[in-house]
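Breakdown of the fold
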2 protein chains.
Amino acid sequence: MLDFDLSQFLPYQLAVLSERVSKDFATLYRERFGISRAEWRVLAHLSQADSVSVRDIHVQVELDKSKISRAASRLEAAGYITKKLNESDRRLISLALTEKGTALMEEMTPLAREYEARVLSRLGDDAAAFLAAVQKLSQDRSVV
Amino acid sequence: MLDFDLSQFLPYQLAVLSERVSKDFATLYRERFGISRAEWRVLAHLSQADSVSVRDIHVQVELDKSKISRAASRLEAAGYITKKLNESDRRLISLALTEKGTALMEEMTPLAREYEARVLSRLGDDAAAFLAAVQKLSQDRSVV
DNA sequence: TTGACATCGTTGCAATTGCAACGATAGGGT
DNA sequence: ACCCTATCGTTGCAATTGCAACGATGTCAA
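The paragraphs below set out a description of the structure included in this document. (Residues numbered from 1 in each chain as written. Chains lettered and ligands numbered in written order. Predicted model: local features only at pLDDT ≥ 70, side-chain atom pairs only at ≥ 80, totals over all residues. Heavy atoms only, no water.)

Here we come to the overall build of chain A. Check the secondary structure of chain A and you find 6 helices and 2 strands. Reading chain A from its N terminus to its C terminus gives the helix and strand order α-α-α-α-β-β-α-α. When the backbone C-alpha atoms are referred to their principal axes, chain A occupies close to 60 × 35 × 30 Å. A burial count over chain A gives 50% of its 144 residues as buried. A separation threshold of at least 6 residues defines the contact pool for chain A, and within that pool the share at least 24 residues apart is 46%. Of the roughly 7200 Å² of accessible surface on chain A, 47% is carried by carbon and sulfur atoms. Once the 21 positive and 21 negative side-chain charges of chain A are each reduced to a mean point, those two points are 5 Å apart. (Helix = DSSP H or I, 4+ residues; strand = E, 2+ residues; numbered from the N terminus. Buried < 20%, exposed > 50% of the residue type's maximum accessible area, 1.4 Å probe, protein only. Contact = heavy atoms within 4.5 Å. Areas by Shrake-Rupley, 256 points an atom, 1.4 Å probe, with all protein chains shown as cover. Lys, Arg positive; Asp, Glu negative; His and termini not counted. Charge placed at Lys NZ, Arg CZ, Asp CG, Glu CD.)

Near DNA strand C there are 18 residues, and of these R90 and R91 of chain A together with R55, S69 and R70 of chain B occur at the shortest range. Sugar and phosphate atoms constitute 65% of the interface atoms of DNA strand C, taking the interface as everything within 4 Å of the protein. Contacts to DNA strand C include S69 of chain B, whose side-chain N or O atom sits 2.4 Å from a phosphate oxygen. Within the side chain of K83 of chain B, an N or O atom sits 3.0 Å from a phosphate oxygen of DNA strand C. Residue assignment for the surface near DNA strand C shows that the elements contributing at least two residues are α4 (65-77) of chain A together with α3 (54-60) and α4 (65-77) of chain B. With 4 residues, α4 of chain B is the largest single contributor of residues to the surface near DNA strand C. Among the residues forming the surface near DNA strand C, the class breakdown is 3 nonpolar, 4 polar and 11 charged. (Near = heavy atom within 4 Å. Polar contact = N/O pair within 3.5 Å; in protein donor to acceptor, adjacent residues only side chain to side chain. Nonpolar A, V, L, I, M, F, W, Y, C, P; charged D, E, K, R; others polar.)

Note on placement: R41 of chain A falls in helix α2 (residues 37-46). With no salt bridge to any partner, buried R41 of chain A finds its closest opposite charge in E19 of chain B, at an N-O distance of 7.2 Å. For R41 of chain A, the residues in contact, after removing those within four places along its chain, are V61 and L63 of chain A together with Y12 and A15 of chain B. (Salt bridge = Lys/Arg side-chain N within 4 Å of Asp/Glu carboxyl O.)

Our focus in this paragraph is the nonpolar core. Ranked by internal contacts, the top residues of the largest apolar core, which has 94 residues, are I35, W40 and F130 of chain A together with I35, W40 and F130 of chain B. Setting aside chain neighbours within four positions, we find I35 of chain A in contact with Y29, R30, W40, L43, L75, Y80, L104 and M108 of chain A. (Core = buried A, V, L, I, M, F, W, Y, C linked by side-chain atoms within 4.5 Å.)

Now for the protein's contact with DNA strand D. Around DNA strand D there are 18 residues in total, and R55 and S69 of chain A together with D89, R90 and R91 of chain B lie nearest to it. Per the 4 Å cut-off to the protein, sugar and phosphate atoms form 64% of the nearby atoms of DNA strand D. Residue S69 of chain A places a side-chain N or O atom 2.5 Å away from a phosphate oxygen belonging to DNA strand D. R91 of chain B places a side-chain nitrogen or oxygen 3.4 Å from a sugar or linking oxygen of DNA strand D.

Below is the structure:
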């Protein structure tokens, strides 16, 4: 037997935990709104800014740009977002929420908050340290 | 604009961070050993116990059992593991590392440690709290 | 014992994915 | 103005994936 404790191995723990959380949360909005995981990510990003390009999302999230492009197309077809050319740089497209999309996010946001609160409450006093650590790592692209 | 800060949203942060770490680490062993992410997970589990079933891995990791089954088949074909029937319950199979598989893990384990150390060092004093929180959540299936 | 039901690992198949390549556009440097 | 190179979003395509269904095996109560 090797001297290696998987249950203590950070990348493993992180992957399992994250997948569990994402899958669980995804079930929520898939069942209620028919939104996929990639679509949720795109919507969430759009709710943060007026106008966002595929590239903006791509560099911030670990999602292939084709995945984002396809999610955006589905969202556009469903009437949740609009795609238009960015006139100052015509290689870019501007994604933006429609009214319908905004309304959707207004429905989904409370679910997100509620879900997050449920997870955080389990951490009790450690919650703050945990969030701080996650953000510390997330913002430091040089490490991971 | 909605009152929702994605950059503070735990499931999102977790997913991005975890994907980044996994992808980065996966590049290491894929390039050097031609091992996929699922295969690494299976190998890592086998290095923890003498004999493990597909189900054992399935319940512990968020991996579809078909994915595990296929990874196991590839690993068997490559000579890293063996599959045999569990005689006490013939529905189960016993996966186990071969000598070649053990040797592989002996090569990969230091890489894993090294990688983990690099990530943890960025956390400094928060490392312990972070690990504790991750494990707290991981072990509590009722929350997530 | 038998029969109804649960669990295990595998597989077929459709859907999703990642990757590379593409056309269109932009930004220098000369 | 003209290359040369870089970047953007999309798409074709092969590979991977998730899901459901399956055969085989096990369990347990009638």
